[in-house]
Amino acid sequence: MDSLVSSYKIHLNTVSDDILYIQSQNRGLQVQNQNQRALLAELENLLQTVNVDQRFLVTLTQQSLEKVQSLERLEEAAAQLYKALQAGRDTDMAATMERLQEYRTHNSQFCKRVYDFLSIVFIAQSTLLLGDTNGIKPVKAPNRPTLVYHEEMEAYLGRYSGLVLYLKEMDENLYAKLCAAYFSAASSLHSVQMKTLLSTYLSNIKKFPEEGHDQSMSRFVASVILSQRPSGFSPTLSAVVSKGAAGMRRAGTIIRSPIEGRNKEKERVSDGDSKASEVVLFQFPMVCSSWISQVFRWILEQIAPAIRHESEFITDFLQINEAGLTFADYMGLDNYFRRQATRTMSLSQSTLKLIRGAMDLIFGYLPAELKTWLDNIVLKDKMEVIGVIASIELFLADAEDHGNQFLAAIMEKQHIRLKGVLERHVKEQITEIEQTKLSSKKRQGVAHSVKHFPIYVGLVEAQLIGADGLEIRSTVDATYEKIVQTIFDSLKQMAKMDGEGEDKGRLNYHVILIVSDLMTVPENMHHFVAETSTLEVGAVNVFCRRAEAIYEENLTAYIKIVLRRPFSKIIASTSLSVDYFDGVERLLKTTAPAEVINNNLYSKNTLRKVVREYNSKDMRKHVDALYTRVAKHFVEASGTSTSEDNGGIAPGTVLVGVWKACEEEVLRITDFFTKTMAQCYSDCGINLEYTVGDVEASFRRHRIGT
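Model, not experiment: these values are computed from the prediction.

Calculation notes
- Residues numbered from 1 in each chain as written.
- Predicted model: local features only at pLDDT ≥ 70, side-chain atom pairs only at ≥ 80, totals over all residues.
- Heavy atoms only, no water.
- Helix = DSSP H or I, 4+ residues; strand = E, 2+ residues; numbered from the N terminus.
- Buried < 20%, exposed > 50% of the residue type's maximum accessible area, 1.4 Å probe, protein only.
- Contact = heavy atoms within 4.5 Å.
- Areas by Shrake-Rupley, 256 points an atom, 1.4 Å probe, with all protein chains shown as cover.
- Arc of directions from axis to C-beta.
- Axes fitted to C-alpha atoms, helices over the stretch in contact; angles between N-to-C directions.
- Parallel < 35°, antiparallel > 145°, perpendicular 65-115°, else oblique.
- Left-handed = near helix turned anticlockwise from the far one by under 90°.
- Salt bridge = Lys/Arg side-chain N within 4 Å of Asp/Glu carboxyl O.
- Phe/Tyr/Trp six-rings, centres within 6.5 Å; stacked < 30°, edge-to-face > 60°.
- Lys NZ or Arg CZ within 6 Å of the ring centre and 35° of its normal.
- Nonpolar A, V, L, I, M, F, W, Y, C, P; charged D, E, K, R; others polar.
- pLDDT = per-residue confidence, 0-100.
- Core = buried A, V, L, I, M, F, W, Y, C linked by side-chain atoms within 4.5 Å.
- Patch = residues over 30% accessible without salt bridge, like charges linked within 9 Å, V, L, I, M, F, W, Y side chains within 5 Å.

1. Examining the overall build of the protein
And step 1. The number of helices and strands found in the protein is 29 helices and two strands.
And step 2. Across the 706 residues that make up the protein, the buried fraction comes to 47%.
And step 3. Look at the contacts in the protein between residues 6 or more apart in sequence, and 78% of them connect residues 24 or more apart.
And step 4. Only carbon and sulfur atoms are counted for the fraction: they give 51% of the accessible area of the protein, which is about 35300 Å².

2. What about helix H13 (residues 349–356)?
Every α-helix winds through 3.6 residues per turn, so residues three or four apart in the chain are directed the same way.
And step 1. Residues of H13 that are buried include every one of Thr 351, Leu 352 and Ile 355, and no others. For H13, the angular spread of the buried residues around the axis is 100 degrees, confining them to a single face. Within H13, the exposed residues directed more than 90 degrees away from the buried face are Gln 349, Ser 350 and Lys 353.

3. Description of the packing of helix H15 (residues 366–380) against helix H17 (residues 405–435)
And step 1. Packing of H15 against H17 brings their axes to within 11 Å, and their N-to-C directions diverge by 30 degrees. Of the possible angle classes, the one that applies to H15 and H17 is roughly parallel. Like other packed secondary-structure pairs, H15 and H17 cross with a definite hand, here right-handed. Every residue of H17 that contacts H15 at Leu 366, Pro 367, Leu 370, Lys 371, Leu 374, Asp 375 and Val 378 is listed here: Ile 410, Met 411, Gln 414, Arg 417, Leu 418 and Val 421.

4. Considerations on the pattern of salt bridges
And step 1. Enumeration over the complete set of coordinates arrives at 14 salt bridges.
And step 2. A salt bridge links Arg 668 to Glu 665; its shortest N-O distance comes to 2.9 Å. Linking Arg 668 with Glu 665, this pair stays in helix H28 (residues 654–680), spanning three residues, or about one helical turn.
And step 3. The closest approach of N and O atoms between Lys 675 and Asp 671, which form a salt bridge, is 3.2 Å. You can see Lys 675 and its partner Asp 671 sitting in helix H28, four residues apart, about one turn around the helix.
And step 4. Judged by relative accessible area, which is 36%, Asp 671 ranks as partly exposed.

5. Quick notes on helix H29 (residues 692–700)
And step 1. If you check which residues of H29 are buried, you get Val 695, Ser 698 and Phe 699. Relative to the axis of H29, the buried residues are bounded by an arc of 95 degrees and lie together on one face.

6. Topic: the environment of Tyr 602
And step 1. In this fold, Tyr 602 is placed in the loop between helix H25 (580–587) and helix H26 (604–611).
And step 2. Tyr 602 sits 22 residues away from Tyr 580 along the chain, and the two C-alpha atoms are 7.1 Å apart.
And step 3. Not counting chain neighbours up to four residues away, the residues in contact with Tyr 602 comprise Tyr 580, Gly 583, Val 584, Arg 586, Leu 587, Val 596, Ile 597 and Tyr 681.

7. Notes on the packing of aromatic side chains
Aromatic ring pairs are defined here through the distance separating the ring centres and the angle between the ring planes.
And step 1. Under the counting rule described, the total for this entry stands at 21 aromatic pairs.
And step 2. Judged by centre distance (6.2 Å) and plane angle (55 degrees), the ring pair of Tyr 82 and Tyr 166 falls under tilted. Residue Tyr 82 is found in helix H3 (residues 68–88), and its partner Tyr 166 is found in helix H7 (residues 161–170); the two are separated by 84 residues along the sequence.
And step 3. Ring centres 6.5 Å apart and planes at 70 degrees place the aromatic pair Tyr 182 and Phe 183 in the edge-to-face group. For the residue pair Tyr 182 and Phe 183, the accessibility class agrees, reading buried in each case.
And step 4. Aromatic rings pair up to connect Tyr 82, Phe 110, Tyr 166, Phe 327 and Tyr 330 into one cluster.
And step 5. In this arrangement the basic side chain of Arg 55 is found over the ring face of Phe 56, its NZ or CZ atom lying 4.2 Å from the centre.

8. So, the environment of Trp 659
And step 1. If you trace the backbone, Trp 659 turns up in helix H28.
And step 2. Residue Trp 659 is classed as buried on the basis of its relative accessible area, which comes to 0%.
And step 3. Residues Trp 659 and Arg 700, 41 residues apart in the sequence, show an inter-C-alpha distance of 9.8 Å.

9. Observations regarding the side chain of Glu 663
And step 1. For Glu 663, the position within the fold is in helix H28.
And step 2. What makes Glu 663 buried here is its relative accessible area of 4%.
And step 3. Setting aside residues up to four positions removed in sequence, Glu 663 forms contacts with Glu 696, Phe 699 and Arg 703.

10. Details of the packing of H3 against helix H5 (residues 100–130)
And step 1. Following both chains from N to C, one finds H3 and H5 inclined at 135 degrees, their axes separated by 10 Å at the closest point. Our classification of the angle between H3 and H5 gives oblique. Between H3 and H5 lies a crossing whose hand is left-handed. Here H3 contributes Leu 74, Ala 78, Leu 81, Ala 84, Leu 85 and Gly 88 to the contact with H5, which in turn contributes Leu 100, Tyr 103, Arg 104, His 106, Asn 107, Phe 110 and Arg 113.
And step 2. Here the contact of H3 with H5 is built from residues that sort into eight nonpolar, three polar and two charged.

11. Some details on the confidence of the model for the protein
And step 1. For the protein, mean pLDDT is 75; residues scoring 70 or higher make up 71% of the total.
And step 2. Confidence, expressed as mean pLDDT per element, reaches its minimum in the protein at strand S1 (residues 225–227) with 28 and its maximum at helix H14 (residues 358–363) with 95.
And step 3. Note that residues 439–444 has pLDDT below 50 and, in this model, 24 contacts with residues that lie over four places away or in other chains.
And step 4. Scored below 50 in pLDDT, residues 572–578 shows 13 contacts in the model against residues more than four places distant or in partner chains.

12. Section: the nonpolar core
And step 1. In terms of nonpolar packing, the biggest core is built from 130 residues, with Tyr 166, Leu 318, Trp 373 and Ile 472 touching the most fellow members.
And step 2. With sequence-adjacent residues up to four places away left out, Ile 472 is seen in contact with Ile 386, Ile 389, Ala 390, Glu 393, Leu 422, Leu 464 and Ala 467.

13. Comments concerning the environment of Leu 418
And step 1. Inspection of the secondary structure puts Leu 418 in helix H17.
And step 2. When sequence neighbours within four positions are dropped, the list of residues in contact with Leu 418 reads Leu 374, Val 378, Val 385, Val 388, Ile 389 and Ile 392.

14. Topic: a nonpolar patch on the surface
And step 1. Taken together, Met 1, Leu 4, Val 5 and Tyr 8 make up a surface patch of nonpolar side chains, about 460 Å² in accessible area.
And step 2. Relative to the assigned elements, Met 1 resides in the segment before helix H1 (2–50).
And step 3. You can call Met 1 exposed: its relative accessible area is 76%.

15. Topic: unusual backbone geometry
Excluding glycine, residues mostly have negative phi values, and the peptide bonds linking residues are mostly trans.
And step 1. Even without glycine at this site, Asn 134 takes up a positive phi of about 55 degrees.
And step 2. Here the phi dihedral of Gln 319 falls at roughly 55 degrees; this positive angle occurs in a residue that is not glycine.
And step 3. Among the secondary structure elements, Gln 319 is positioned in the loop between helix H10 (289–317) and helix H11 (327–331).
And step 4. Looking at Gln 319, the relative accessible area reads 11%, which means it is buried.

Okay, structure coming up:
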């Protein structure tokens, strides 16, 4: 019995193991069956996806490309064809697709249709934008010419960005042709607009001097001619300065012009004089330089945004970027199709080269047009180049800040070229200054380069408003340094070469430097100092101080020499160290004042003989003689009249300062005599036979208004 029970248990255990095995196999088969059914469903779904419904294919060939609703249906139909073709790029799937070649044919036809349509649209939209004004907004005073921007055209073309993205992935050759077609149309459009803009401004500038100007556009007409002419020829500077724009500070504050209100007389030159040789120094513009540079800034204010917006538009419209956006992403397709698109979206090297050169293809004409326009301005007057360079540097910095590398490259090329023009302009100015000859015999006076340097500075600074911190600011300061140093060297060289005889040569030397190193407009050194200080140009203020120092040095030397002839005896006593008071002064270094009178050379009788040399009548006579000589020097030197009909010194002339210095020197000598006599001869009862009042009265006779 026990044996039988054990046998049953063994059989039951075996059966249990078999049952468990069968159950486990059943569960595995169920899972496998479910997976196979799911896979079959997915395959059926995929097969259904890659089989494009006929109605979608008809839509691709028949639906309009103009209406917004039609474009949406086209994008939906294109998405169905896109999925089939992307799946067809998978080898295993391609084997199951009987209509794959048919889909490829439909794709080619649709891509060709999109390309043909958009090629026409590009030209049509460009023509529509240009209209009758070549893409320039109608000008109505006080507005200025401006470009018609492309917002409407870009919005219209932007509707096709999805189809362009489809074209990029599904037919690269037609995509490259479409890019080339757009680049060509955009280039023609921008070219017409910008050429019209440039020519409009240029024609206005050319006719501006003949037709007058608005108060905001100052007209400045000036030309400085240095002629080697006979004595008495006195060239003047003809200038017309608008009160509203004359004399601008660097900070933009209006100040008085150094030449405002002057030079009202017009120069009359005879036919004979016109044959004399001429050297042109500091030729000034026919139109206010600050306005010319402002015009160029207005042009750049139109061109720069146009270039920047065009770059942004083609980046989005033609997908010229590194974003890697695909049509599957655009339409929100399944990840399978996105992965497929990502694997196959790379472009050929020829297409990449084309789209990378997009900006050059669109705006390739611009560098040459800008060069031509700028050359026309620079040919009109080379000084214009300073304001133009300042404008370029401003927009160059702005282009770099906005990442507009194409515009920055164009501006940099023009910047380098125009800096060369400026360097040549400065060299020409320096060469003309070095070649200037001034006859010391005729003493024709203030060198023209010196006389008009403040005007030159004023014209330059008018172009540099708001240019602080730019490279051109330091360049101009260095230019001032070169020109002024050349002027100083030239003046000193001319002064050394001038005159005959030692005393006359020394007089002429100091006269030239006194008149010229003030760098003033004729007849008023103080006016120059005041005007240059109000300009607030640091570099020029340094030159002004240097000129003042040279003026004071040469004025002192001139006074000592010029006083020797009318006051030969009395002046020699203090200047040449050979006569009475000079000896007294030396003796006081070793002798007490009370003991000087005991010296035979400086006795009471000797003193009496010395003081009798000059009385009040003699003082007046010698001052008259001094005036005649000094006036002759500076009337001839300034090249203009420094006196009025009654023979006195006209206010506001160089002679005012010189005459005052002569008076102060004679008063100083008189004071020295008086103090020396009071110190050493107080008990002798001997006094000068003229007084300080006699000196002042004698000099006052030759001043106007006193």
